[in-house]
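Summary of structural features
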Amino acid sequence: SASCYLWSLYQTKYYRLLLEEQTERAAMISTAKSNLLKVILSHRSNRFFSLPSFKKGEFRIPSHNSNKVCTPDDAVSLISANDTICVSGFVGQGSPDLLLKALADRYERECNEGVPEGGLKDLTVLFGGGPGDWDYRGLNYLAKIPSGNNINEQSTAAAKSMVKRAIGGHYGQVPLLGNLATSNQIEAWTLPMGSISRMIRAQATHSPGHITTVGLGTYVDPTPGIGVGGAANELALASPLHQELVTKISIGFGPTADAMKADYLMYKALPIQVAIIRATTADSSGNLSFEHESLLCDQRIIAAAAANSGGVVLAQVKRICETGSLPSRAVGVPGAMVDCVCVVEESEHDVYHPMSYTKRSDPVLYGKIRSPVEDVPKMQLNERKIIARRASFALKPGKVINLGIGLPEGIASVAGEEGQLQYVTLTTEPGVFGGLPASGKEFGPSSNADALVEMNEMFDFYDGGGLDMCFLGAAQISPQGDVNVSRMSAEKLIGPGGFIDISQSTRNISFLCTFTAKGLDIDCDGAEGKIKILKEGKIKKFVNQVYERTFSGEEAVRRGQKVYYVTERGVFRRTASHDVIELIEIAPGVDLQKEILDQMEFEPIISPNLKQMDERIFRHEKMEIELFGSLKDRVTYHEGDHVIFIDLTGISLASEDEVRWLGRSLDLILHPITKERGPVDAIVNYDGFDCKSGLEEAYADAVEALSSRHYKSVKRYSFNAFRRAKLKTMASVEALNAKSLFREWDEDNTGSLSPLQLRGGVREHFGIRLKQAELDTLCKDGVTLRNFTDILLEVMSKFE
């Protein structure tokens, strides 16, 4: 039955290829189909042809559900030379290793058996997170060239690697594939992970590609003198595909389209012949569920792209269930998209189907149970914690944040230690909202996550401005504020991951790095509140020119982004006021000339208002950051409407004394207002408010006392609804105080606001997310103090 099912797949693929006029590949499939049919007939000839006679109805075809379960060898036999393979997985999570290993074994068998030029050759591998174990598993399995050649050395001209080209977002954990690229044995590109994710989705819908501003001004930009279109080696630059893969286009909108043209990059959608994906459970019809997977790594859109390209979908699972037993809402990929299901034997789960390369299984990371909050690890007081502490000053309640890998991971620990973690939403690019992101080689999932979405959906959210702030690492920083994280030398390929998508779509950005690397030694005893540099590292981070521009400081200024560079001894920023970065803070105990300026390859601007970094950063004790300010600052009265807004965000009452404090404080604030004008209409924000068990009656009594003395009516809202209700009462020039707002948003003192500055200010101050079309309309004549009030009133009109 397995052979017959395989033959039917060959038949389907044959006709699909004919429709696409791929005659050469169709002929190859036809030959394989004929050979397989001979095998089937030879094994079954006696059963089929020795029957003496047939009765009426004997020719009726039996009706049974198809069984898509097959061996890994049978599944990978469907892959042909020149196919484009798309593989799911993210860094160390969710790699379909059984199928990847079977594919590598097939290649080696064909090489050893003398199949011409290895048989399986010239594959294109497309991936986002690049699943791998930093050694030999994951996509490293595919780094194969004919036996007798070492992949770390230049192969002979006659030797053919199994892979012809690789297009990926991150190669750090797949060094064997990266070595083939750096030795110029395969064509290779490194592209933004979010753009690759949407390239795949574009192919599923037969769109020409993914169009975005992500990548402009970086090495991915194909404009001569700016970037190389993501090409990672000479073979890629010389490839015919290179001229099509990333192209720069101009698009205009509205009746004056020519005058309002803007630049975009289009990442070409590529036909996908083979999808190799992983799930937890499958039924024999191919329906897949993901209950033990820590992430959703775009399996559904990868499967859809392959199915709609006339390709095949190969799925690896750890267990099989009866057809129809999976609840429909639990099915992540419908069986209609899946061609083959390969089940990993339980004895081999640790080898071919662990949750990740560092953990066999973790129900906290795949969301089955929650761990105690007290499990958040506390960092030692060293340069990593100092940097994380300084960066955490930017955290504000209700904000949505992305933390990069490496130094930024420390911010989660500091936020947990300072009691800030519960008031912000941390996210990771593979699709996790909330919780505490895992660190190191486990990066990707989160403990105690609130929600999990597909990676392409998360990047939709990021690119649309969903992030309030991000904290990312930096390997090199140039005078203009350019940042390199994607490649440090010709010998090692890394890639940007989601860095470009995140850094170009977020208004508030902090780059974190030590001032020097490779040998840096500091002394911070935690008592004096200062730092001593005992030994400098061998490598300077602030250089005249970055090796590869992963982030453009000039582009950030054009977009109106707030950009900071945080180190253990100083803080810099990039603004439109200067062409180079500006030093705005220096650590106590640090010598400006010797330990900052002499350790840079260029001279920064020194702020005339140079400040000292907060001494609390360098002490052992908790910093006790005032995340919420004073209660008086939380109460806003609008005289014209006689409405009072009370913001209780994040306030936690743990005793009757604290309940009495809240009631007494609000009574003192409200008394002068209600004494003069009578009871007010109150609107209260309860988002994140907590009253401990046992205090409900005392709190109810306090609220009742306030209501009887001061309130005419009370409405209670969550965070965004509260801000919008408050906004309705502010739609006047006097209430808006437009001049003050303009000065606050015009951080560069240029006298005008960029579209991104306007969008960020409106969102941060009013909680309104402007659509691109609305932004274009508002900014068509520029944004200056002269027309700023009218623009704000137009925004306010949406809520009248």
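Residues numbered from 1 in each chain as written. Predicted model: local features only at pLDDT ≥ 70, side-chain atom pairs only at ≥ 80, totals over all residues. Heavy atoms only, no water.

Regarding its fold elements, the chain presents 24 helices and 37 strands. When the 800 residues of the chain are sorted by exposure, 54% land in the buried category. Residue pairs at least 24 apart in sequence account for 74% of intrachain contacts in the chain once pairs closer than 6 positions are excluded. Split by element, the accessible area of the chain, about 35200 Å² in all, is 50% carbon and sulfur. (Helix = DSSP H or I, 4+ residues; strand = E, 2+ residues; numbered from the N terminus. Buried < 20%, exposed > 50% of the residue type's maximum accessible area, 1.4 Å probe, protein only. Contact = heavy atoms within 4.5 Å. Areas by Shrake-Rupley, 256 points an atom, 1.4 Å probe, with all protein chains shown as cover.)

Backbone geometry at V91 places phi at a positive 50°, although glycine is not the residue there. Assessed through its relative accessible area of 10%, V91 is described here as buried. A positive phi is found at D298, a non-glycine position, where the angle reads about 65°. Its place among the elements puts D298 in the loop between β10 (288–289) and α9 (299–307). A residue is classified by how much of its surface remains accessible, and D298, at 2% relative accessible area, is buried.

Membership of the largest hydrophobic core comes to 113 residues, with the highest contact counts inside it found for L191, L288 and F511. For this core, the element with the highest residue contribution is α9, accounting for six residues. In this structure, L288 is in contact with I277, A279, T281, A282, A315, V317, L326, A330, V331, G332, V333 and V338, ignoring residues within four places of it in sequence. Core analysis: the next-biggest nonpolar cluster, separate from the first, contains 43 residues, L98, V125, A166 and A188 among them. (Core = buried A, V, L, I, M, F, W, Y, C linked by side-chain atoms within 4.5 Å.)

Moving on, we get to the pattern of salt bridges. This model, assessed by the stated rule, comprises 33 salt bridges. Here K101 and D105 are joined by a salt bridge, their closest N and O atoms 3.0 Å apart. Taken together, the positions of K101 and D105, both in helix α4 (residues 97–112) and four residues apart, correspond to about one turn of that helix. Judged by relative accessible area, K101 falls into the partly exposed class, the value being 24%. Across the salt bridge formed by E291 and R319, the nearest N and O atoms sit 2.6 Å from each other. Placement of the pair is E291 in the loop between β10 and α9 and R319 in strand β12 (residues 319–321), with a sequence separation of 28 residues. Residues joined in a network through salt bridges with shared partners are R198, R201, D460 and D463. (Salt bridge = Lys/Arg side-chain N within 4 Å of Asp/Glu carboxyl O.)

Take the sheet that holds strand β6 (residues 246–251) next. Either a parallel or an antiparallel arrangement is found when strands of a sheet pair, and the pairing is made through backbone hydrogen bonds. What the three strands build is an open sheet, ordered β5-β7-β6; its pairing is antiparallel. Among the strands making up the open sheet, the edge pair consists of β5 (209–212) and β6. Here the strands of the sheet are splayed against their neighbours by 30° on average, with no regard to which way each runs. Examined bridge by bridge, β5 and strand β7 (residues 262–268) share four bridges and lie antiparallel to one another. Its bridge partner lying in β7, T212 is registered against L265. On the sheet, helix α6 (residues 193–204) packs against β5 and β7 and is oriented at approximately 135° with respect to β5. (Pairing = 2+ DSSP bridges. Axes fitted to C-alpha atoms, helices over the stretch in contact; angles between N-to-C directions.)

Quick look at the sheet that holds strand β3 (residues 163–168) now. Strand order in the open sheet made by the seven strands is β4-β3-β2-β1-β8-β11-β13, with parallel pairing throughout. Taken across any chain shown, the strands that pair with only one partner, and hence form the sheet edges, are β4 (187–190) and β13 (340–343). Neighbouring strand axes in the sheet, compared pairwise and without regard to direction, differ in orientation by 15° on average. Across four bridges, β3 lies against β4 in parallel orientation. Looking across to β4, one finds that A166 is bridged to A188. Across the face of the sheet, α4 comes into contact with β1 (84–87), β2 (123–126), β8 (274–278), β11 (312–317) and β13 while running at roughly 120° to β11.

Here the structure, examined in full by the defined rule, presents 14 aromatic pairs. Measuring from centroid to centroid gives 5.2 Å for F127 and Y171, while their planes differ by 75°, and the two rings are edge-to-face. Taken together, the residues span a long stretch of sequence, with F127 in the loop between β2 and β3 and Y171 in the loop between β3 and α5 (175–182) at a distance of 44 residues. Consider the rings of F433 and F461, whose centres lie 5.4 Å apart with planes at 65°: the pair is edge-to-face. In this pair, F433 is assigned in strand β16 (residues 432–433) and F461 in helix α13 (residues 455–463), connecting sequence segments 28 residues apart. (Phe/Tyr/Trp six-rings, centres within 6.5 Å; stacked < 30°, edge-to-face > 60°.)

Time to look at the packing of α6 against α13. Their axes nearest at 9 Å, the elements α6 and α13 cross at an angle of 120°. One element, α6, and the other, α13, form an angle in the oblique class. For α6 against α13, the interelement crossing comes out left-handed. Along its contact with α6, which presents M193, G194, S197, R198 and R201, the element α13 presents M455, N456, F459, D460 and D463. (Parallel < 35°, antiparallel > 145°, perpendicular 65-115°, else oblique. Left-handed = near helix turned anticlockwise from the far one by under 90°.)

Once that is clear, we can look at the pairing of strand β32 (residues 635–638). With four bridges joining them, β32 and strand β33 (residues 643–647) adopt antiparallel strand pairing. Bridged to Y637 within β33 is I644. Hairpin geometry of β32 and β33 is characterised by an intervening segment of four residues between the two adjacent antiparallel strands and by a positive phi of about 55° at H642.

Position of N456 among the secondary structure elements: in helix α13. Setting aside residues up to four positions removed in sequence, N456 forms contacts with S197, R198, R201, D298 and I301.

Attention shifts here to the side chain of E293. Along the chain, E293 turns up in the loop between β10 and α9. In this structure the side chain of E293 is engaged in a polar contact, spanning 3.5 Å, whose partner is the side chain of H353. Not counting chain neighbours up to four residues away, the residues in contact with E293 comprise G94, R278, A279, T280, H353 and Y366. (Polar contact = N/O pair within 3.5 Å; in protein donor to acceptor, adjacent residues only side chain to side chain.)

We now examine the confidence of the model for the chain. In this model, the chain carries an average pLDDT of 87, and 85% of its residues clear a pLDDT of 70 or more. Low confidence marks residues 43–52, where pLDDT is under 50. Its contacts with residues over four positions away, or in another chain, come to four contacts. Below a pLDDT of 50 lies the segment residues 149–159, which in the model reaches 18 contacts outside its immediate sequence neighbourhood of four places, other chains included. (pLDDT = per-residue confidence, 0-100.)

Burial analysis of helix α12 (residues 409–417) places eight of its nine residues in the buried class, the great majority of the element. Those residues of α12 not exposed but buried are E409, G410, I411, A412, S413, V414, A415 and E417. Buried residues belonging to α12 abut α11 (383–392), β14 (400–403), β15 (425–428), β17 (436–437), β20 (469–473) and β23 (508–512). Of the residues flanking the end of α12, it is G419, one or two places downstream, whose phi is positive at about 75°.

Another point: the environment of S95. On the secondary structure map, S95 appears in the loop between β1 and α4. You can call S95 buried: its relative accessible area is 4%. For the pair formed by S95 and M355, sequence separation is 260 residues and the distance between their alpha carbons is 8.5 Å. The contacts of S95, once residues within four sequence positions are left out, are L100, P131, G138, R278, Q316, Y352 and Y357. Reaching out from S95, the side chain makes a polar contact with the side chain of Y357 at a distance of 3.2 Å.

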